[in-house]
Amino acid sequence: MHVAIVGGGIVGLASAYYLAERGATVTVYEKGSIGSGSTERSVGGIRAQFSTPVNVELSLASMEIWEDFEETFGVDIAYRRPGYLFAARDEATAEAFEAQVAMQNELGVPSELLAPDEAAEHCPGLQTDEFVSATYSPTDGFADPHLALQGFAESAREAGAEIRTRTGVTEIHRAGDEVTGITAEGEPCEYDFVVNAAGPWAQQVARMADVDLPVAPKRRQMLVVDPETPVPEDVPLTIDLDTGSHFRPEREGKALVGGHFPSAESGGEADPDQNPDGFDRKIDLDWAVEAIERAGDCATYFGPDSEIRRGWAGLYAVTPDHHPVIEETLPGFVNAVGFSGHGFQHAPATGQIVAELVLDGASSLVDVSALASDRFETGELVEERNVA
Ligand SMILES: Cc1cc2nc3c(=O)[nH]c(=O)nc-3n(C[C@H](O)[C@H](O)[C@H](O)COP(=O)(O)OP(=O)(O)OC[C@H]3O[C@@H](n4cnc5c(N)ncnc54)[C@H](O)[C@@H]3O)c2cc1C
């Protein structure tokens, strides 16, 4: 089985590894260098506290791989698990938490519903008066995306995959409904399967096969902050869900601070048709000020003497319901796209599912029928509420 993968981010390289490991002949085409899309801009969050069963299942299947990553791939990915804490200001959000925790527990996630005072036992700086409820799960955490990407890339190569960097795919060939190959750097090549793992460029790549997928590149920013009061390393990744503000501890008391605030997101909403290569990689100052202020509204660490060390912007690949498309869209054309800010953590499960779709014709690891692209036509969307 000859497979071309378009995109050398974590989704493409995890797919390459699982396909090659199962005997497929794999070539990864990456127009830049590996990880040069969203993967190297991710903060590496890994959690099972999602609001829909399919996202929870993608997380649980992925966590099995993350837990044994060093043993399997020989790379220490700095996987730490101080948990994730979601905090609610509004009663409606708190009500939704109850149903979510029940669903998560049923699927085996050890999450719990907490009163603000109980939440402060995990995050001592939490501004408890601001919140009505929280959820916490001790098995959530984060890892280093760069190291994880290297682990998948190296193991994919060892399993026989070829990774061609600086080699953009410009055409996808069809014979009737069937996808039969690609053209890269002017050279046409036939393949049994083409996998679209092009992250924020996914819509452009799908269009090469005359397939329209609603995957929009959306700019998101992060700050490295020296907080006024150092953030202890055992504080969870904390999300103030009703404002969108979030932070997590970094080493030596520093913190990563982010959030999506439409009011301050100047130049933020990249148009779906805009070329994702053209986005502004610099931090917007108004946004940075708002991000620190909102983090301060959430937790006492971020007083007025907090200092910004640096920051960066990257792209989420967002679908209308914040779930990916994982399917064989046409015979010979698999899409694994639109991860809406969760693609780093869901890559291990996705790679295995892509291998199953290509080699077995269906996925047994996770039921991905809810992630078919025809949901955008039928309106059967599966809305994810826990989005940061
Ligand atoms: C600020 C920020 C924070 C984030 N935090 C988290 C987090 O905490 N947890 C989490 O799970 N996710 C997070 N994400 C999201 C995560 O980074 C992405 O979901 C994930 O990296 C997607 O991986 P990918 O392989 O699909 O895409 P990418 O890493 O973008 O890879 C796609 C690749 O395709 C290549 N490509 C595109 N077109 C072509 C072509 N025509 N030919 C050849 N190659 C092509 C691109 O160059 C790119 O390298 C974050 C993202 C950002 C921006």
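Nothing here was measured: the structure is a model prediction, and the numbers come from that model.

Here we take up the environment of phenylalanine 86. Residue position: phenylalanine 86 is located in strand S4 (residues 84-88). On the basis of relative accessible area, phenylalanine 86 is assigned to the buried category, the value being 0%. Taking C-alpha positions, phenylalanine 86 is 28 Å from serine 369, a pair spaced 283 residues apart along the chain.

So, about the environment of threonine 238. On the secondary structure map, threonine 238 appears in strand S14 (residues 237-240). Here the alpha-carbon distance between threonine 238 and alanine 99, two residues 139 residues apart in the chain, equals 20 Å. With residues up to four places along the chain from it excluded, the contact list for threonine 238 reads Leu85, Cys123, Leu126, Ser245, His246, Phe247 and Cys298. Within the local environment of threonine 238, its side chain forms a polar contact with the backbone oxygen of proline 236, the two atoms lying 3.0 Å apart.

Close to the ligand lie 39 residues, the nearest being Glu30, Ser38, Thr39, Gly45 and Gln345. The separation between a nitrogen atom of the ligand and a polar main-chain atom of lysine 31 is 3.0 Å. At a separation of 2.9 Å, a nitrogen atom of the ligand approaches a polar backbone atom of glycine 341. Relative to its unbound accessible area of 1,000 Å², the ligand is 96% covered by the protein chains. Listing elements by their share of the shell around the ligand, those giving two or more residues are helix H1 (10-21), helix H7 (202-208), strand S13 (216-226), strand S17 (307-318) and helix H9 (343-359).

Here we take up the pattern of salt bridges. This structure, assessed with the given rule, holds 15 salt bridges. Arginine 80 is the salt-bridge partner of glutamate 233, the closest N and O atoms lying 3.4 Å from each other. Here arginine 80 lies in the loop between helix H3 (69-73) and S4 and glutamate 233 lies in the loop between S13 and S14, a separation of 153 residues in the sequence. Judged by relative accessible area, glutamate 233 falls into the partly exposed class, the value being 39%. With its nearest N and O atoms 3.3 Å apart, the salt bridge here joins aspartate 177 to arginine 174. On the basis of relative accessibility, which here comes to 33%, the residue arginine 174 falls in the partly exposed class.

Take the sheet that holds strand S16 (residues 255-258) next. Pairing within the open sheet is mixed, and its eight strands lie in the order S5-S6-S4-S14-S15-S16-S13-S17. Strands with a single pairing partner mark the edges of an open sheet, and in this sheet they are strand S5 (112-114) and S17. Recorded for the sheet is a direction-independent mean angle of 20° between the axes of neighbouring strands. Here S13 runs beside S16; their pairing, made up of four bridges, is antiparallel. From the neighbouring strand, valine 225 faces S16, where its bridge partner is alanine 255. Its contacts with the sheet place helix H8 (residues 285-298) against S13, S14, strand S15 (245-249), S16 and S17, and it is angled at close to 65° to S13.

Before going further, it helps to spend a moment on the domain arrangement of the protein chain. What the domain assignment lists for the protein chain is domain 1 (2-64 + 145-215 + 320-378) and domain 2 (84-138 + 216-318). Just the C-alpha atoms count here: the centres of domain 1 and domain 2 sit 27 Å apart. Between domain 1 and domain 2 lies a buried interface of about 2,300 Å² when both sides are counted; carbon and sulfur atoms form 58% of it. On the domain 1 side of the interface with domain 2, the three residues burying the most area are Arg41, Val43 and Gln49, jointly 31% of the side's total. Here domain 1 is connected to domain 2 by one salt bridge. For lysine 31, the salt bridge identified is with aspartate 277, shortest N-O distance 3.0 Å. Summed over the shared surface of domain 1 and domain 2, the result is 11 residue pairs in polar contact (both at pLDDT 80 or more).

All right, on to the layout of surface pockets then. If you add up the space inside the second largest pocket, you get close to 330 Å³. What lines the second largest pocket is a set of 17 residues, among which Ala143, Asp144, Pro145, Arg248 and Glu250 lie closest to the centre. Only helix H6 (145-158) and S17 provide two or more residues apiece to the lining of the second largest pocket. Among the residues forming the lining of the second largest pocket, the class breakdown is eight nonpolar, two polar and seven charged. Taken domain by domain, the lining of the second largest pocket gets at least three of its residues from each of domain 1 (2-64 + 145-215 + 320-378) and domain 2 (84-138 + 216-318).

About the cut-offs
- What you see as residue numbers is a count from 1 along each chain, following the sequence as written.
- Per-residue local features of the predicted model are confined to residues with pLDDT of at least 70, and side-chain atom pairs are confined, for both listing and counting, to 80 or more; whole-chain, interface and lining totals are unaffected and use all residues.
- As a rule here, side-chain values cover all heavy atoms of the structure and leave hydrogens and water aside.
- A run of DSSP states H or I qualifies as a helix once it reaches four residues; a run of E qualifies as a strand once it reaches two. Both are numbered from the N-terminal end.
- Note on classification: 1.4 Å probe, protein chains only; a residue is buried when its accessible area is under 20% of the maximum for its type, exposed when over 50%, partly exposed between these limits.
- Here, residues are in contact when the closest pair of their heavy atoms is within 4.5 Å.
- Any pair of N or O atoms that falls within 3.5 Å is considered a polar contact. Within protein, one atom must be able to donate a hydrogen and the other to accept it, and sequence-neighbouring residues count only if both atoms are side-chain atoms.
- Put simply, a residue is near a molecule or strand once any heavy atom of it comes within 4 Å of that molecule or strand.
- Methods summary: accessible areas were calculated by the Shrake-Rupley approach with a probe of 1.4 Å, and residue burial reflects only the protein chains presented.
- The working definition used for a salt bridge is a side-chain nitrogen of Lys or Arg within 4 Å of a carboxyl oxygen of Asp or Glu.
- Following DSSP output, two strands are said to pair if at least two bridges run between them.
- To obtain an axis, a line is fitted to C-alpha atoms, over the contacting stretch when the element is a helix, and the angle between two such axes runs from 0 to 180 degrees between their N-to-C directions.
- Start and end points for every domain follow an automatic or database-based domain assignment.
- Take the accessible area each of two parts loses on contact, using a 1.4 Å probe, and add the two losses: that sum is the buried area.
- A pocket, in this scheme, is an open set of points on a 1 Å grid over the protein atoms alone with protein on both sides within 12 Å along at least 5 of 7 lines, while a cavity is a set where a 1.4 Å probe fits but cannot get out; residues line either one if an atom lies within 4 Å of a point.
- Grid points are joined across faces, edges and corners, and a volume is the space filled by probe spheres set on the points.
- Under this grouping Gly is polar, as are all residues other than the nonpolar Ala, Val, Leu, Ile, Met, Phe, Trp, Tyr, Cys and Pro and the charged Asp, Glu, Lys and Arg.

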